[in-house]
Structure formats: structure tokens, C-alpha cells
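Working through the structure, step by step
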Amino acid sequence: MALHLVTGHAGAEHVTGADQGSLNIGLIGSGQFVFDRGSRFAASIYSNNIIRIADGDLIMQGRHIRQKEKTYEECVFENGTQGMLRNDLICVRYTKDDSNGVENVSFVVLKGQEVAQNPVDPTPVTGDITEEGNALINEMPLYRVPFVGLTIQEPVKLFNTISNYIDFVSEVNTIMQTFDSEIDALDENMNALNTKTIEVSEQVNKNSESTRNNSEKIVSSEKKITKNTLDIQNLNEKVTKIIEGTETVGKAENATNAENATNAENANTANKLKDKVKIGSADFDGSSSITLKDMGIQQIVFQNTDPTEVADNTIVFVYEE
């Protein structure tokens, strides 16, 4: 019968290595690991061709293999060769006698090939030793032992170590606490980022409003510039007419009359003209119309003080600041 009670009284010995191996695989997986217990199969060089392996526990595809505490095994190597390189392996070998089902384990040394450069590891035997695989041999590498010429080198660890349950839970808790702290820090950063985003958004809105206001000011300034340009053009036309003698000059009695006088549309000037015009050495009272051409005027001068002397053939317009 395939179904059977493992941890129970059956009237005879019936718990097999395969039973325990199956339980171990269910608990920790089907790989090959060294437990974090004892010396963990620590390796030390004893001589130029002997390495000692200290105590430890391991799982090989569910099978528990143990070397007692405070004991060691010696692994013997063939001597190296001058000028050559070589990689050997220290393995734990599982075997099963197919005739009677007897199982056994031991340390073995797998010798690598000697080469002048770039040595490679020998290939261990890999077999499925679970009840379903039913392999007769499997070799689990523990160390690579390099040889450089005649000299043995420090062993290189090849196995993985797994923690016990208590240590595993402690490690997980530490990781979770670190993770929680990182999440809290991330939340703080996100809050800070959100706050900064709001500030930037508000600043963007302010900048947009400022841009709209500046645009309106620019449009207003352009209108003023256009008007001033037209005013200057009109002034230039009137000045040209005055110089040519085709513009009539009258008395500028007030701001309204000043707007109709020569240069009346010049910005901020027409409204500041005084109530009389100085022509040569006499005041022209505007009682009749006369052109500058008729008076022989050749030059027009604008100034903010009464003239003390007027050059010949010159007309002076006096305005207030």
C-alpha cells in the first residue's frame, strides 16, 4: 500500500530515510544547504596536501547529513606540479547500494586537470536521490581548492548557508522594520513633494496672472507708442509747414488755442506754451494772420525761459516746465 502513517506505531520499524527526506523537502526545499550550526564545515589547510573539514550539518535533497561537533575529517590531495595550475573539489558524496538499499555519505576529493593557465573545476556527479529519483550517487561541492604549482591555496566556499527558523524570523522582522521605515520616509517625501507641487502650481498661476497683466501693459504701451508716433508725425508736418511758410501763426492765448498753433500736438508741449510769441525784437499779438515765409523766418527755437536775445530770422516758442 502506497499510503502509510510515518509518525505512528506500525508494529515494526517503518520510517525510512526517504520519509524524513520528503518531510525536509516540504519544510525547506529540495536544494542543498549547510545549516547555520556548529562550525558549518569550516575548512583549514593542515599541510600542502591536507585540508581539514570541521563539524557541521547539511541538507542534501532532503537528506540530513551531519558531522559530530568538535570533530574533523581530513581530505588528502595529490601534490601539485611545478609551473602548472589545477582546481580540485571537496565534495560530500551520497551513495546507495542497489543490491540491498544501504545508503552512505563521505568526503571525497575530485581532482581537476592540470593546465598551464585558466584551470577549470572537475564535474561532480549530480543525481536525484529523492525516493522518486532513486539515483545511486550524488556529490555536493563544498570547496574549490586551487593549486598553483606545488602550493595549495586557500579553499573557496561553494555552498549556501541557511538560517534556523528563529534567526530567519528575526531577520524577516528586521527587514520588515527597515521596510516600514523606508515606507514612512517615502510617505514623508511624497507629502513634501505634494506640498512643493502645490506651491509650484500656485506660483505658476501667479506667473500666468502676471504674464496676462504684462501683456495688457504691453498692449497699452504699444497703443501709447503708436499715438506718440502719430503725434510726432503730425508735429513734423506742422514744423515743415512753418519752415516752408505755409502754416499761419496766431497768438497762443490758452491751451485750447495752443492745440491749434504750430507744434500744438507735440506731447506735453502745446499745453505749456505761453500766451505770446516772440518774433525778433517785437511781440506778435496775433491781431492778423501772417506766414513765417512772409516774415523771413529761417529758424524755430523751443525753450522754457524768456529769451533775452533773439537772433535774426528766428522765432522762439517759450513753454513752461
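When helices and strands are counted, the protein shows 4 helices and 14 strands. Counting across all 321 residues of the protein, residues that qualify as buried make up 25%. Put simply, of all contacts in the protein between residues at least 6 apart along the chain, 55% involve residues at least 24 apart.

Looking now at the confidence of the model for the protein. Considering every residue of the protein, the mean pLDDT works out to 82; 82% of them sit at 70 or more. With pLDDT under 50 throughout, residues 250–255 is counted as low confidence; its partners more than four residues away or in other chains account for 12 contacts. Low confidence marks residues 261–287, where pLDDT is under 50. Its contacts with residues over four positions away, or in another chain, come to 61 contacts.

On to the packing of aromatic side chains. Across all of its chains, the model carries 3 aromatic pairs by this definition. Between F41 and F107, the aromatic rings sit 6.3 Å apart at their centres with planes inclined by 75°, giving edge-to-face as the arrangement. In this pair, F41 sits in the loop between strand 1 (32–35) and strand 2 (43–47) while F107 sits in strand 6 (residues 103–110), placing the two residues 66 residues apart along the sequence. Their ring planes at 90° and their centres at 5.7 Å tell us that Y143 and F159 sit as a pair that is edge-to-face. Of this pair, Y143 sits in strand 7 (residues 137–148) while F159 sits in the loop between strand 9 (156–157) and strand 10 (161–162); the two residues are 16 residues apart in sequence, bridging distant segments of the chain. Given the relative accessible area of 7%, F159 is considered buried. Between the NZ or CZ atom of R52 and the centre of the ring of Y46, over which it lies, the distance is 3.8 Å. Directly above the ring of F147 sits R86, whose terminal nitrogen or CZ lies 4.3 Å from the centroid.

On the secondary structure map, E139 appears in strand 7. Side-chain polar atoms of E139 contact the side chain of R93, separated by 2.7 Å. A polar side-chain atom of E139 sits 2.8 Å from the main-chain amide nitrogen of V125.

This part covers the pattern of salt bridges. A full pass over the atoms with the stated rule returns 12 salt bridges. In this structure, E103 engages R63 in a salt bridge whose closest nitrogen and oxygen atoms are separated by 2.4 Å. On the criterion of sequence distance, the pair formed by E103 in strand 6 and R63 in strand 4 (residues 63–76) is long-range, its members being 40 residues apart. In this structure R63 comes out as buried when scored by relative accessible area, which is 13%. For K111, the salt bridge is made with E78, and the minimal N-O distance between the two is 2.6 Å. Of this pair, K111 sits in the loop between strand 6 and strand 7 while E78 sits in the loop between strand 4 and strand 5 (85–96), and the two are 33 residues apart along the sequence. Its relative accessible area of 44% is what places K111 among the partly exposed residues. Beyond isolated ion pairs, a larger network of salt bridges with shared partners links R37, D57, R66 and E69.

The rules we used
Residues numbered from 1 in each chain as written. Predicted model: local features only at pLDDT ≥ 70, side-chain atom pairs only at ≥ 80, totals over all residues. Heavy atoms only, no water. Helix = DSSP H or I, 4+ residues; strand = E, 2+ residues; numbered from the N terminus. Buried < 20%, exposed > 50% of the residue type's maximum accessible area, 1.4 Å probe, protein only. Contact = heavy atoms within 4.5 Å. pLDDT = per-residue confidence, 0-100. Phe/Tyr/Trp six-rings, centres within 6.5 Å; stacked < 30°, edge-to-face > 60°. Lys NZ or Arg CZ within 6 Å of the ring centre and 35° of its normal. Polar contact = N/O pair within 3.5 Å; in protein donor to acceptor, adjacent residues only side chain to side chain. Salt bridge = Lys/Arg side-chain N within 4 Å of Asp/Glu carboxyl O.

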